[in-house]
Amino acid sequence: MSTVQIILLAKHSHYRIRDCEYDESATAHIALILQNYVEHTYAGSQNSSGDEQLHLDIACDNAVFRSIRDALVFAVAASEETPAETDVSPPAMNEDGPIYSVGFDPLDGSSIIDANFSVGSIFGIWPGNGLLGRTGREQVASVVSMYGPRTTLIIALPSKSRDADNRGDIVFEVTLVKDHTRWEVSRNDVVLEPSKKVFAPGNLRATNDNADYDALVKHWIQERYTLRYSGGMVPDVYHMFAKSGGVFSNVSSTKAQAKLRLLYEVAPIGLLVECAGGLTTHESEDTSVLDLVVDDLDRRLGVCFGSKDEVQKYKQFMFKDTISQV
């Protein structure tokens, strides 16, 4: 059973998933690739960021595309390594059945892989055929895979009937166990508490020419927040879910521009955060990242994710011209 099939099974079985055997899971396959990764070799190509691609990046991208095609329910896929709407539909797709599209980052954190830091994958699943012109709020599911001492997935399943407090949304974790032959639910309910004094400040170079961001980082330090920062977006955000709170920021400036992509990273993680009871915001607009339109597959932006009170504190520092100080 593929990673994406596990997500969709959970979606269509009213979240009663307990464990699944797998056939060829993208996440399990990537975990195996990472365990056997030895040489830091380049493929001689660049991704859309202009970053040199590792053979590892391409191998992980191929593993996910293979899993997506094997799932037989996807029409379109695009990734950070293959940034184009790619036809992945089976030869005889059932037009009457559910059809989905997926945007993903197959290996987030490849720049820290040589230090043997934890890295991850990010997936967002949309209903229908196509990704351009969509918003994160339209996703039917999103997931973050984490490759560390354990291989885990955190899955968000938004409810159409959720109330103003997002009650009805489901966020849970599964862990790959028994020699990578089985997924088991390891946490039934993942929730972000309203406040927690833990911060993960990305793109700190921006503090040199973004005075508001500089003031915010100094506030976190002066208020004795605990720093949890690895240089990888997935482990830093995943830490919030593991500890039930905190704040992650990645703010840009004139000299340190935004790198995070709305489709492959921001929208899927944004869904996880909001379904878990947290808040998200665009770095400089008081807008949930789930309401931003994917008008370009390479659209980039700065963000803040996390516990509600912590994101509100971010807004007080970063949007002080439009939001009254509390």
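Everything numeric in this text was worked out from a predicted model, so none of it was measured.

(A) Region of the structure containing helix α7 (residues 308-318). Those residues of α7 lying buried are Glu310, Val311, Tyr314, Lys315, Gln316 and Met318. The inward-facing, buried residues of α7 contact α4 (211-222), β14 (247-250), β15 (279-282) and β16 (303-306).

(B) Highlighting the pattern of salt bridges. This structure, assessed with the given rule, holds 10 salt bridges. Between Glu173 and Arg187 there is a salt bridge, with the nearest N and O atoms lying 3.3 Å from each other. Taken together, the residues Glu173 in strand β10 (residues 170-177) and Arg187 in strand β11 (residues 182-187) connect sequence positions 14 residues apart. Glu173 gets classed as buried once you look at its relative accessible area, which sits at 3%. According to the relative accessible area criterion, Arg187 is partly exposed, its value standing at 22%. Here Lys178 and Glu184 are joined by a salt bridge, their closest N and O atoms 3.7 Å apart. Residue classification places Lys178 among the exposed residues on the basis of a relative accessible area of 53%. Residue class for Glu184 comes out partly exposed when judged on its relative accessible area of 28%. Salt bridges sharing common partners tie together Glu80, Arg261, Asp298 and Arg300.

(C) Molecular detail of the packing of helix α2 (residues 26-35) against helix α3 (residues 55-71). The N-to-C vectors of α2 and α3 enclose an angle of 155°; their axes lie 9 Å apart at closest approach. The angle between α2 and α3 places the two elements in the roughly antiparallel class. With respect to the hand of their crossing, α2 and α3 are arranged in right-handed fashion. Side by side, α2 and α3 meet where Ala26, His29, Ile30, Ile33 and Leu34 of the first sit next to Leu56, Ala59, Cys60, Ala63, Val64, Arg66 and Ser67 of the second. The residue makeup of the contact of α2 with α3, split by class, is nine nonpolar, two polar and one charged.

(D) Region of the structure containing helix α5 (residues 233-243). Counting buried positions along α5 yields nine of 11 residues, so the element is predominantly enclosed. Of all the positions in α5, only Met233, Val234, Pro235, Asp236, Val237, Tyr238, His239, Met240 and Phe241 are classed as buried. Phi turns positive, to about 65°, at Ser244, one or two residues after α5.

(E) Representation of the sheet that holds strand β13 (residues 226-227) in the model. The strand order across the open sheet formed by five strands is β13-β12-β14-β16-β15, and the pairing between neighbours is mixed. Of all strands in the sheet, those bounded by a partner on one side alone are β13 and β15. By the bridge criterion, four bridges tie β14 to β16 in an arrangement that is antiparallel. Residue pairing for β16: Ser249 is matched across the bridge by Cys304. Each of β14, β15 and β16 touches α7; the most contacted strand, β15, lies at about 20° to it.

(F) Structural context of the environment of Phe241. With respect to the helices and strands, the residue Phe241 is situated in helix α5. Placed 32 residues apart in sequence, Phe241 and Val273 show a C-alpha to C-alpha distance of 8.4 Å. Setting aside anything within four residues of it in sequence, one finds Phe241 in contact with Ile154, Arg187, Val190, Leu192, Leu272, Val273 and Ala276.

Criteria and thresholds
Residues numbered from 1 in each chain as written. Predicted model: local features only at pLDDT ≥ 70, side-chain atom pairs only at ≥ 80, totals over all residues. Heavy atoms only, no water. Buried < 20%, exposed > 50% of the residue type's maximum accessible area, 1.4 Å probe, protein only. Helix = DSSP H or I, 4+ residues; strand = E, 2+ residues; numbered from the N terminus. Contact = heavy atoms within 4.5 Å. Salt bridge = Lys/Arg side-chain N within 4 Å of Asp/Glu carboxyl O. Axes fitted to C-alpha atoms, helices over the stretch in contact; angles between N-to-C directions. Parallel < 35°, antiparallel > 145°, perpendicular 65-115°, else oblique. Left-handed = near helix turned anticlockwise from the far one by under 90°. Nonpolar A, V, L, I, M, F, W, Y, C, P; charged D, E, K, R; others polar. Pairing = 2+ DSSP bridges.

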